[in-house]
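Structure assessment
These are the residues of each chain, in order.
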Amino acid sequence: MTRQAPLPVPADAASGVADGVPNQSAAAKPVVRLDDVRRHFGTTPALDGISLTVAKGEILGLIGRSGAGKSTLIRCLNGLERPDSGVIEIEGSDIVGLSEEQLQPLRRRIGMIFQHFNLLSAKTVEDNVALPLKIAGWDRAKRLARARELLDLVGLTDKARAYPRALSGGQKQRVGIARALAANPALILSDEATSALDPETTGSILALLKDINARLGVTILLITHEMEVVRQVADRVAVIDKGRIVEEGPVWSVFSRPEADTTKALLSGVRASLPRHVAARLAPSATARGEMIVSIDITGPQAATLLPGLATEIAGWRLIHGGVETIQERPVGRFFLALPVSSLATLQAHLVPSGAHLEVLGHVADDV
Amino acid sequence: MSPMMYSLFVRAFWETVIMTVASGVISLIAGLPLGLLLVATAKGGIAENLWVNRVVGAIVNGFRSVPFIILLVALIPLTRLIVGTSIGTWAAIVPLAIAATPYYARIAEVSLREVDRGLIEAVRAMGGNRWTIMREVLLPEALPGIVAGFTVTLVTLIGASAMAGAIGAGGLGDLAIRYGYQRFETAIMVAVVAVLILLVCLIQWLGDVLVARLDKRI
Ligand SMILES: Nc1ncnc2c1ncn2[C@@H]1O[C@H](COP(=O)(O)OP(=O)(O)O)[C@@H](O)[C@H]1O
Ligand SMILES: [Mg+2]
């Protein structure tokens, strides 16, 4: 289920700022391209034919339940895990079959952020940030200068000489992000980077990732099991279940009209749903003086004007639940209405020009 | 204590110190790489090689299971080959070091194995090779445990060096047996025990202070 919609590539991302090399074909060539990637552990398939591309400069959210294969997938991208079969291209070159020695230079082009931060406890914050540069062979003065620069970027200038133990979880993850950025990577892989943090800290880390993406144009593949994370930062989302991509598209679109059951389950609690006491009383067929309950999903500016327009055409409808939220600067509306059964045709006609999606959920006998 | 006894005592003290330190340093230099080798070649290690792991593990276990007093005698030909004699302080260092090396290798192995695998993964993800992982992750992160283990090894060696008196190694243990036990000079016995206790406490204290300074975890 791939949706056709323009890729939301940030304006300056296509200029190839991340690697400092102007690249004419950058916008066309994906940073990551997977084709039918498979990986089994014993008899259970962890990756069951994954095909996916990540465009230059985008933030792709890869969401799935625990055990869906997210970590296995992300680890295949820098060769920490090897697929049984399939194609994995990073910046256009296939990495499947590379030896450990051949993978090492490639890994320097890819930064990684971890759920448990994985900072070296025996090194100061600045030495942690500078470690990728030490591995890349930079001399000490240069790499420490660069580490300071990055600590400025993530707002931890004053912690440069501290040891990680003196930092809070959010600060540790900022160091992790600075470290991932140190070698000017083309791609950042983030495996549940906010799963060990409280909601407020999560928000600030996600804002930092978004900011880095916008300022440096670095491509980010973000793994999570929380839709809220996807909503806050991702441009596009891919839903993985049992090692397969079950749904993929722009975040606003998937939030507005999820198709796969997994997506719907992951979205419950994040978007409006029919109140439980109403859902409990739904009957499949109409009753004498009863009402019907419908849901309306609508995106774009019309989301805000839908209900006022409806008021002039239909009498006796009521809003039970729902509202408009903004995802990727786009209004996304979801409404649950109760209205007389006789007004269904009018409602359908009213919704046609706005492209809204109407679903009749059931009927109720009397007022709810 | 007579002046003669006193000079005997001082000499024995230094003999103990030399035996302990020399064999301790050798066991550190040889045991730490052995511990690294055991961790690196273990299943899921950075240089997994189960064959090497099993063979080295078996050799280490073999040496560890021989009682020291037997090792002391069994190694006499080797000692003679290396030191030129099988009697005296320097001769005792050979069996002491050979007994302490596998002992320390196992202690170092435990510390190295406890290093968070996530850290190794992070450095691999940066493009680090095995040597980088050893230098930047395994050794620095395990350093407090490596030092604490070395302290334990030194303390154990002080005890073992007393046994080496059996091959005329000298040292405080030898003094205590010959004078304190065989000639009923209780004062010597008490003095030896007191000095040994002080020595052990001093080493343990130094080790603990060093570990506390090195340990940057939590
Ligand atoms: N090294 C491994 N050995 C055996 N099974 C594994 C290994 N790594 C992952 N798996 C299995 O593969 C599946 C996907 O795991 P993972 O990629 O870690 O999922 P996620 O990150 O989405 O929670 C799970 O069923 C897990 O048990
Ligand atoms: Mg995972």
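Residues numbered from 1 in each chain as written. Chains lettered and ligands numbered in written order. Predicted model: local features only at pLDDT ≥ 70, side-chain atom pairs only at ≥ 80, totals over all residues. Heavy atoms only, no water.

Chain B goes by ABC transporter permease in an unreviewed UniProt entry, where it is assigned to Xaviernesmea oryzae. The record held by UniProt for chain B lists under Subcellular location (unreviewed entry) the comment "Cell membrane". (UniProt positions renumbered as here; feature names shortened; annotations may be inferred.)

Things to note about a nonpolar patch on the surface
All names here are of chain B. Taken together, the side chains of Trp-14, Ile-18, Leu-78, Leu-81, Ile-82, Val-83 and Trp-90 make up a nonpolar region of the molecular surface, amounting to roughly 730 Å² of accessible area. Secondary-structure elements contributing two or more residues to the nonpolar patch are helix H1 (3–41) and helix H4 (76–83). Take the nonpolar patch: its biggest share by element is four residues, from H4. Its location among the elements puts Val-83 in helix H4. (Patch = residues over 30% accessible without salt bridge, like charges linked within 9 Å, V, L, I, M, F, W, Y side chains within 5 Å. Areas by Shrake-Rupley, 256 points an atom, 1.4 Å probe, with all protein chains shown as cover. Salt bridge = Lys/Arg side-chain N within 4 Å of Asp/Glu carboxyl O. Helix = DSSP H or I, 4+ residues; strand = E, 2+ residues; numbered from the N terminus.)

Some words on the site of ligand 1
Residue and element names in this part refer to chain A. As a structural note, the neighbourhood of ligand 1 is formed by Phe-41, Ala-46, Arg-65, Ser-66, Gly-67, Ala-68, Gly-69, Lys-70, Ser-71 and Thr-72. Taking Ala-68, its main chain carries an N or O atom lying 3.2 Å from an oxygen atom of ligand 1. The fraction of the free accessible surface of ligand 1 (560 Å²) that becomes covered by protein chains is 54%. The element contributing the most residues to the shell around ligand 1 is helix H1 (residues 70–77), with three residues. Grouping the constituent residues of the shell around ligand 1 by class yields three nonpolar, five polar and two charged. (Near = heavy atom within 4 Å. Polar contact = N/O pair within 3.5 Å; in protein donor to acceptor, adjacent residues only side chain to side chain. Nonpolar A, V, L, I, M, F, W, Y, C, P; charged D, E, K, R; others polar.)

Digging into the packing of aromatic side chains
According to the stated counting rule, one finds two aromatic pairs over all chains in the structure shown. Ring centres 5.2 Å apart and planes at 75° place the aromatic pair B:Phe13 and B:Trp14 in the edge-to-face group. Residues B:Tyr104 and B:Phe150 carry aromatic rings whose centres are separated by 6.0 Å and whose planes lie at 75° to one another, so their mutual orientation is edge-to-face. Of the two residues, B:Tyr104 sits in helix H5 (residues 89–113) while B:Phe150 sits in helix H7 (residues 130–163), which places them 46 residues apart along the sequence. For the pair B:Tyr104 and B:Phe150, a shared accessibility class is recorded, and that class is buried. Over the ring of A:Trp138 we find A:Lys142; its NZ or CZ atom is 5.0 Å from the centre of that ring. If you follow A:Arg330 out to its NZ or CZ, it ends over the ring of A:Trp252, 3.8 Å from the centre. (Phe/Tyr/Trp six-rings, centres within 6.5 Å; stacked < 30°, edge-to-face > 60°. Buried < 20%, exposed > 50% of the residue type's maximum accessible area, 1.4 Å probe, protein only. Lys NZ or Arg CZ within 6 Å of the ring centre and 35° of its normal.)

What about the packing of H1(B) against helix H9 (residues 186–214) of chain B?
Residue and element names in this part refer to chain B. At a closest axis distance of 12 Å, the pairing of H1 and H9 adopts a crossing angle of 35°. Like other packed secondary-structure pairs, H1 and H9 cross with a definite hand, here right-handed. Of H9, the residues touching H1 (which contributes Met-5, Phe-9, Phe-13 and Thr-16) are Ile-188, Ala-191, Val-192, Val-195 and Leu-199. Within the contact of H1 with H9, the residues separate by chemical class into eight nonpolar, one polar and no charged. (Axes fitted to C-alpha atoms, helices over the stretch in contact; angles between N-to-C directions. Left-handed = near helix turned anticlockwise from the far one by under 90°. Contact = heavy atoms within 4.5 Å.)

Things to note about the sheet that holds strand S14 (residues 357–364) of chain A
Residue and element names in this part refer to chain A. Reading across from one edge, S12-S13-S11-S14 is the order of the four strands in this open sheet, with antiparallel pairing throughout. Single-partner strands in this sheet number two, and they are strand S12 (318–327) and S14. When the angles between neighbouring strand axes are averaged without regard to direction, this sheet yields 15°. In terms of strand pairing, strand S11 (residues 291–299) meets strand S13 (residues 330–340) through nine bridges, oriented antiparallel. Each residue of the ladder has a partner; that of Met-292, found in S13, is Leu-339. Taken strand by strand, helix H11 (residues 302–313) contacts S11, S12 and S13, and its axis lies near 20° from that of S13. Where helix H12 (residues 344–351) meets the sheet, it contacts S11, S13 and S14, and its direction lies at approximately 160° from that of S14. (Pairing = 2+ DSSP bridges.)

With respect to the pattern of salt bridges
With the rule as written, the count across this model stands at 35 salt bridges over all chains. Note that A:Glu81 is salt-bridged to A:Arg39, the shortest N-O span being 2.9 Å. A residue pair is termed long-range when its members are at least 10 positions apart, and A:Glu81 in the loop between H1 and strand S4 (85–90) and A:Arg39 in strand S1 (residues 32–41) qualify at 42 residues. You can call A:Glu81 buried: its relative accessible area is 12%. Exposure remark for A:Arg39: the relative accessible area of 16% places this residue in the buried category. Members of the salt-bridge network, linked through shared partners, are A:Arg39, A:Arg75, A:Glu81, A:Asp84 and B:Glu121.

Brief notes about helix H2 (residues 100–107) of chain A
Residues of H2(A) that are buried include every one of A:Leu103, A:Gln104, A:Leu106 and A:Arg107, and no others. With its buried residues spanning 170° around the axis, H2(A) presents them on a single face. Where H2(A) is buried, its residues touch H1, S4 and strand S6 (110–114) of chain A together with helix H6 (117–125) of chain B. (Arc of directions from axis to C-beta.)

A word on the pairing of S4(A)
Residues and elements named next belong to chain A. Where S1 lies against S4, five bridges are found, and the strand directions are antiparallel. Bridge pairing in S4 links Arg-38 to Ser-85. Bridge count for S4 against strand S5 (residues 93–94) is two bridges, and the pairing is antiparallel. Across the sheet, residue Glu-89 finds its bridge partner in S5, namely Asp-94. The antiparallel pairing of S4 with S5 creates a hairpin that spans two residues between the two strands, and Glu-91 there sits at a positive phi of about 45°.

Concerning the environment of A:Ile95
Residue and element names in this part refer to chain A. Position of Ile-95 relative to the elements: it lies in the loop between S5 and H2. Distance from Ile-95 to Val-278, taken between C-alpha atoms, is 53 Å for residues 183 residues apart in sequence. Ignoring anything within four residues of it in the chain, the contact list for Ile-95 reads Cys-76, Leu-77, Gly-79, Ile-88, Ile-90, Leu-103 and Leu-106.

Observations concerning the sheet that holds strand S8 (residues 219–224) of chain A
Residues and elements named next belong to chain A. The strand order S6-S7-S8-S3-S9-S10 describes an open sheet built from six strands, whose pairing is mixed. Bordering the open sheet on either side are S6 and strand S10 (244–250), each of which pairs with just one other strand. The sheet shows a mean angle of 15° between the axes of neighbouring strands, taken without regard to direction. Alignment of S6 against strand S7 (residues 187–191), held across five bridges, turns out to be parallel. Counterpart to Met-112 in the pairing with S7 is Leu-189.

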